[in-house]
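# A look at the structure
Chain by chain, the residues:
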Amino acid sequence: MPKSEVFKVRTPLSLDKAKQIIEAARSRARERRFMPMTAVVLDIGGNTIALEREDGCGIMREALARGKAGGALGFGIASRTIGERSQGRDAFMAAAAVAADGQFIPVPGGVVVLDQGEVIGAVGISGDVSDADEECAIAGIEAAGFKAGIDTPD
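Presented here is a report on the structure given in the accompanying data block. (Residues numbered from 1 in each chain as written. Predicted model: local features only at pLDDT ≥ 70, side-chain atom pairs only at ≥ 80, totals over all residues. Heavy atoms only, no water.)

Attention now goes to helix α5 (residues 130-143). Between its terminal C-alpha atoms α5 stretches 20 Å, which fits the 20 Å expected from 14 residues at 1.5 Å a residue. For α5, the complete set of buried residues consists of A132, D133, E134, C136, A137, I138, A139, G140 and I141. Elements that come into contact with the buried residues of α5 comprise α1 (15-31), α2 (61-75), α3 (79-85), β3 (110-115), β4 (118-126) and β5 (147-149). Once α5 ends, the next one or two residues include G145, with phi positive near 90°. (Helix = DSSP H or I, 4+ residues; strand = E, 2+ residues; numbered from the N terminus. Expected span 1.5 Å × (residues − 1). Buried < 20%, exposed > 50% of the residue type's maximum accessible area, 1.4 Å probe, protein only. Contact = heavy atoms within 4.5 Å.)

Right under this line is the structure:
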């Protein structure tokens, strides 16, 4: 039987880069003495590329990290921005959470990964206060050579 050929799928956010993002985020968390963190890197389709949970993390951290990343990816903006824009819009927030099947946490810690101005994935971190989670996500993304999508485009 002849060998079948399969087309390769383009992966602008590779496993190696995802691991680099997580390692740099962990390094920042340890350097700043933040609480143990869980980090997830999603591709543009919302699929998990890499996930790491440090020793000592609570059992909800994976779901929270995934929800932060999923919300950022779904809206194309940082989870902090989603939360800020949605204050006082309780019905919208509830509807978005239902539509996202729980993959929507509108607090800091979810950041889109930009390559040449385009979203190629997202990082979500949970473990410490949300501002610390976001700091680690940004550090990881930048260490891997990408831009962290924390500002909205002009």
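Enumeration according to the criterion identifies 2 aromatic pairs in this entry. Taking the centre distance of 6.0 Å and the plane angle of 75° together, the rings of F75 and F92 count as edge-to-face. Separated by 17 residues along the polypeptide, F75 in helix α2 and F92 in helix α4 (residues 90-99) bring together distant segments of the chain. Given the relative accessible area of 39%, F75 is considered partly exposed. The structure contains a cluster of three or more aromatic residues connected by ring pairs, namely F75, F92 and F104. (Phe/Tyr/Trp six-rings, centres within 6.5 Å; stacked < 30°, edge-to-face > 60°.)

Across the interface, α1 lies against α5 with an axial gap of 7 Å and an inter-helix angle of 135°. Regarding the angle of α1 to α5, the classification is oblique. Of the two elements, α1 crosses α5, and the hand of that crossing is right-handed. Judged by residue contacts, Q20, I21, A24, A25, R28 and A29 of α1 engage E135, C136, A139, G140, I141 and A143 from α5. (Axes fitted to C-alpha atoms, helices over the stretch in contact; angles between N-to-C directions. Parallel < 35°, antiparallel > 145°, perpendicular 65-115°, else oblique. Left-handed = near helix turned anticlockwise from the far one by under 90°.)

A few words now on the environment of V9. Secondary-structure assignment places V9 in the segment before α1. What makes V9 exposed here is its relative accessible area of 69%. Remark: the alpha-carbon pair of V9 and A122, spanning 113 residues in sequence, is separated by 19 Å.

Turning our attention to the environment of E52. Summarising the element assignment, E52 is placed in strand β2 (residues 48-53). Its relative accessible area of 27% is what places E52 among the partly exposed residues. Residues E52 and G145, 93 residues apart in the sequence, show an inter-C-alpha distance of 20 Å. In this structure E52 touches I22, R26, M37, T38 and A39, once residues within four positions along its chain are discounted. In terms of polar contacts, E52 uses its side chain to reach the side chain of R26, at 3.2 Å. (Polar contact = N/O pair within 3.5 Å; in protein donor to acceptor, adjacent residues only side chain to side chain.)

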